[in-house]
Amino acid sequence: MLLVRKYLEGLVSLFYPDFCLACNTSLLGNETILCTFCRHTLPVTGFHNSPGNPVEKLFWGRIPVVGATSLLFFEKGSKYQSLIHQLKYYGKKEAGKFLGRLLGASLQDTSFNDAEVIVTVPLHKAKLRRRGFNQSDVIAQGISEITGKPVLSNVLRRKTNTKSQTRQKRYDRWKNVEGIFECSKPDLIKGKHVLLVDDVVTTGATLEAAGGRILEADGVRLSIATAAFVN
Ligand SMILES: [Zn+2]
C-alpha cells in the first residue's frame, strides 16, 4: 500500500512539481517548502539569546515580558515573505508548520524553553470562518511538534473584528486593537510561564493587547515569539 502511495505521489509530483516558496525553482525529491539554497540563507535574526533585542524593545514600557523574539527578518519585498503569504492567503499550512518547527527547534537551549504552554493570538470568528484556520495556531503546532509544549488556542478570545492594519500609523494601530481581546480561560494559564505566538510582529500593538490580557491571570509570566519580524 505504502509503495503504491509513494509511486502515485511520485507521479503527481512529476506533473505538478513543487516549487521553492522563496525563489520559485522546482524542488528536488528530498526538498520541501524551500530549496536547499534558500534554506541555508534564511534571514534568521539570532535574537533568541539577546536580551534587549529589537523585538523585546517593542514591549518595553508597555507590558512586562520575560523575553521576546522572532525567527526571521522580513524586509519589504523579501522573497521569504511568501512563506507567510502562502500560509495566510493560500491556505498552505505546511509553510506555517515549517516555520513553527524551525522556530521551535531554535528556541530549544534558550531561556524561551522555560515556557510551559503556548498561547496563540486568535482571529475574529468571521475571519476564522472565511480563512478556515488561524495562522498563529498552525505556527504554534509546529513549535509544539518540536518542543512538546501544549498549544492552548482557546485562552484568548477576540471580541471585535479590526480593520486591516497595514495602512495605519503606529498610534492608530494601537488604538485599533486596544481592548479587542479577553482572557476567557485564565485558569488554564494561572501560575504558568506562557509563550505567546503569532506569525508576524511589526509594531507589537496586537501582541501587546493580547499579552496584556494574559498577564491578568494570576502569577503568569509572559514571553513572546513570532515567525517573522518586519522592521
Ligand atoms: Zn529557493
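Our subject is the structure that appears above.
Report on the accompanying structure. Remember, it's a predicted structure, so these values are computed and weren't measured experimentally. (Residues numbered from 1 in each chain as written. Predicted model: local features only at pLDDT ≥ 70, side-chain atom pairs only at ≥ 80, totals over all residues. Heavy atoms only, no water.)

A short note on the side chain of His-48
Line of reasoning, step 1. Within the secondary structure, His-48 sits in the loop between α2 (36-40) and α3 (54-57).
Line of reasoning, step 2. The class for His-48 is buried, based on a relative accessible area of 12%.
Line of reasoning, step 3. Among the polar contacts made by the side chain of His-48, one reaches the side chain of Thr-69 at a distance of 2.6 Å.
Line of reasoning, step 4. At 2.8 Å, the side chain of His-48 forms a polar contact with the side chain of Ser-106. (Helix = DSSP H or I, 4+ residues; strand = E, 2+ residues; numbered from the N terminus. Buried < 20%, exposed > 50% of the residue type's maximum accessible area, 1.4 Å probe, protein only. Polar contact = N/O pair within 3.5 Å; in protein donor to acceptor, adjacent residues only side chain to side chain.)

With respect to the coordination of the zinc ion
Line of reasoning, step 1. Distances from the zinc ion to its protein donors, namely Cys-20 (SG), Cys-23 (SG), Cys-35 (SG) and Cys-38 (SG), fall within the range 2.3 Å.
Line of reasoning, step 2. Binding-site remark: the zinc ion is held by donors from one chain whose sequence spacing is C-x2-C-x11-C-x2-C. Here the residue Cys-20 occupies a position in the loop between α1 (2-15) and α2, and Cys-38 occupies one in helix α2, the gap between them amounting to 18 residues. (Donors = N, O, S within 2.8 Å, 3.2 Å for Na, K, Ca; no water.)

Things to note about the nonpolar core
Line of reasoning, step 1. With 35 residues, the main nonpolar core has Leu-34, Tyr-80, Leu-83 and Leu-99 as its most contacted residues.
Line of reasoning, step 2. Going through the elements one at a time, β1 (67-74), α4 (81-90), α5 (93-107), α7 (135-147), β6 (193-201) and β7 (221-230) are the ones with two or more residues in this core.
Line of reasoning, step 3. If you tally residues by element for this core, the top one is α5, at five residues.
Line of reasoning, step 4. Lining this core are residues from two domains, each supplying at least three of them: domain 1 (1-41) and domain 2 (42-230).
Line of reasoning, step 5. By size, the runner-up hydrophobic cluster in this structure holds 31 residues, among which are Phe-59, Val-177, Phe-181 and Ala-217. (Core = buried A, V, L, I, M, F, W, Y, C linked by side-chain atoms within 4.5 Å. Domains from an automatic or database assignment.)

Notes on the environment of Asn-134
Line of reasoning, step 1. Residue placement: Asn-134 occurs in the loop between α6 (125-131) and α7.
Line of reasoning, step 2. Overall, Asn-134 belongs to the buried group, its relative accessible area being 6%.
Line of reasoning, step 3. Residues Asn-134 and Leu-87, spaced 47 residues apart in sequence, show a C-alpha to C-alpha distance of 9.6 Å.
Line of reasoning, step 4. Those residues in contact with Asn-134 that sit more than four places away from it in its chain are Val-121, Pro-122, Leu-123 and Leu-128.
Line of reasoning, step 5. In terms of polar contacts, Asn-134 uses its side chain to reach the backbone carbonyl oxygen of Val-121, at 2.9 Å. (Contact = heavy atoms within 4.5 Å.)

Let's talk about the pairing of β7
Line of reasoning, step 1. Counting buried positions along β7 gives nine out of ten residues, so the element sits mostly inside the fold.
Line of reasoning, step 2. Both β1 and β7 contribute to a ladder of seven bridges, which runs parallel. Bridge pairing in β7 places Ala-68 opposite Ile-224.
Line of reasoning, step 3. Pairing between β6 and β7: eight bridges, direction parallel. Each bridged residue has a counterpart across the sheet, and for Val-200 the counterpart in β7 is Ala-228.
Line of reasoning, step 4. Regarding topology, helix α9 (residues 205-214) serves as the crossover connection from β6 to the parallel β7, and that connection is right-handed. (Pairing = 2+ DSSP bridges. Right-handed = clockwise from strand over helix to strand, strands pointing away.)

Here we look at the packing of aromatic side chains
Line of reasoning, step 1. If you walk through the whole model with that rule in mind, you get three aromatic pairs.
Line of reasoning, step 2. Ring centres of Phe-47 and Phe-73 lie 5.4 Å apart, and the angle between their planes is 85°; this geometry places the pair in the edge-to-face category. With Phe-47 in the loop between α2 and α3 and Phe-73 in strand β1, this residue pair connects regions lying 26 residues apart in the sequence.
Line of reasoning, step 3. Site record: aromatic cluster; members linked through ring pairs are Phe-47, Phe-73 and Phe-229. (Phe/Tyr/Trp six-rings, centres within 6.5 Å; stacked < 30°, edge-to-face > 60°.)

What about the side chain of Thr-147?
Line of reasoning, step 1. Considering the arrangement of structural elements, one finds Thr-147 in helix α7.
Line of reasoning, step 2. Setting aside its immediate chain neighbours within four residues, Thr-147 contacts Gly-104 and Gln-108.

Considering unusual backbone geometry
Line of reasoning, step 1. Of note, the phi angle at Ile-33 is positive, near 65°, even though the residue is not glycine.
Line of reasoning, step 2. Inspection of the secondary structure assignment puts Ile-33 in the loop between α1 and α2.
Line of reasoning, step 3. By relative accessible area, which is 10% here, Ile-33 ends up buried.
Line of reasoning, step 4. In the Ramachandran plot, Asp-109 falls in the positive-phi region, its phi being about 65° despite a non-glycine side chain.
Line of reasoning, step 5. Relative to the elements of secondary structure, Asp-109 occurs in the loop between α5 and β2 (117-120).

Honestly, it's all geometry; don't read function into it.
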